[in-house]
Amino acid sequence: MDVPAPVHRPGSPRPYYFCEELSKTHDLFMGTLCEDKEQLQWLTDDLAYKRIFREIEILPPPPKKVGWWNRQKHRLSASVYYYTKNMHPVYHRQMVERITRWVREKNMDLVYVNGMEMTQYVSPSLGIPMISDVCDCLSLLFRKTGAAKKKPHP
């Protein structure tokens, strides 16, 4: 998963500069599922990240192995491929609890999520606004896919 990154590095420049600007007037805390060792090194060593984010939390990725039964529950739920509630129920619950605890401990008043994958871990019970920034045009892809499926095959 990409992390916010300046244009001279691989990653996501849009959320990087968005967060850089927000950090001028707000305290920002970043949680990321980043697994790329090089990107993780930037997050810990680069002083720019330390200026932008008061704290960076490296979150554990979902388990790679999915049991047969959980795979069937996921299929029956018709969930998107990255949704972990049925495939990895323990992991999903732990992530929701971890993020809920972190948001409350830091007394956050807004959660900004870059992309759709992390939205599943932000509990509505937090009682604060969540902005899900879907800047990767997935909605356009879904619309085009849906339109293509409605057309009869020749």
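Above: the structure in question.
Below, the structure is looked at part by part.

Calculation rules
- Residues numbered from 1 in each chain as written.
- Predicted model: local features only at pLDDT ≥ 70, side-chain atom pairs only at ≥ 80, totals over all residues.
- Heavy atoms only, no water.
- Helix = DSSP H or I, 4+ residues; strand = E, 2+ residues; numbered from the N terminus.
- Buried < 20%, exposed > 50% of the residue type's maximum accessible area, 1.4 Å probe, protein only.
- Contact = heavy atoms within 4.5 Å.
- Salt bridge = Lys/Arg side-chain N within 4 Å of Asp/Glu carboxyl O.
- Core = buried A, V, L, I, M, F, W, Y, C linked by side-chain atoms within 4.5 Å.
- Arc of directions from axis to C-beta.
- Phe/Tyr/Trp six-rings, centres within 6.5 Å; stacked < 30°, edge-to-face > 60°.

Comments concerning the overall build of the protein
Then comes step 1: From N to C terminus, the protein includes six helices and four strands.
Then comes step 2: Listed by position from the N terminus, the elements making up the protein come as α-β-α-α-β-α-α-β-β-α.
Then comes step 3: Split into buried and exposed, the 154 residues of the protein put 34% on the buried side.
Then comes step 4: Long-range pairs, those at least 24 residues apart, make up 54% of the contacts in the protein between residues at least 6 apart in sequence.

Let's talk about the pattern of salt bridges
Where charged atoms from two side chains of opposite charge come close, those side chains can pair.
Then comes step 1: Counting across every chain of the model gives eight salt bridges.
Then comes step 2: The closest approach of N and O atoms between R98 and E57, which form a salt bridge, is 2.7 Å. Of this pair, R98 sits in helix 5 (residues 89-105) while E57 sits in strand 2 (residues 55-58), and the two are 41 residues apart along the sequence.
Then comes step 3: Under the relative-accessibility criterion, R98 is labelled partly exposed at 26%.
Then comes step 4: R93 is paired through a salt bridge with E97; the nearest N and O atoms lie 3.9 Å apart. Residue R93 and its partner E97 are located together in helix 5, separated by four residues, close to a single helical turn.
Then comes step 5: Taking the relative accessible area as the measure of exposure, E97 reaches 42% and is therefore partly exposed.

As for the nonpolar core
Soluble globular proteins tend to pack their nonpolar side chains together in the buried interior.
Then comes step 1: With 16 residues, the main nonpolar core has L33, L59, M95, I99, V103, M118 and Y121 as its most contacted residues.
Then comes step 2: Considering every element that reaches this core, the biggest residue donor is helix 5, with six residues.
Then comes step 3: Not counting residues within four places of it along the chain, the set of residues in contact with M95 comprises L33, L59, P60, M118 and Y121.
Then comes step 4: Counting residues in hydrophobic clusters, the runner-up holds 13 residues, among them V3, A5, C34 and A48.

Here we look at helix 1 (residues 13-22)
Then comes step 1: Along helix 1, the residues classified as buried are P15, Y16 and C19. Projection of helix 1 onto a plane perpendicular to its axis shows the buried side chains occupying an angular sector of 105°, all on one side.
Then comes step 2: Looking at the buried side of helix 1, the elements it contacts are helix 3 (47-52) and strand 3 (111-114).

Description of the packing of aromatic side chains
Then comes step 1: The tally for this structure, following the rule as stated, stands at seven aromatic pairs.
Then comes step 2: Between W68 and W69, the aromatic rings sit 6.2 Å apart at their centres with planes inclined by 35°, giving tilted as the arrangement.
Then comes step 3: With 5.2 Å between their ring centres and 85° between their planes, Y81 and Y82 make a pair best called edge-to-face.
Then comes step 4: Put simply, the rings of Y16, Y17 and Y49 touch in pairs and so form one group of aromatic residues.

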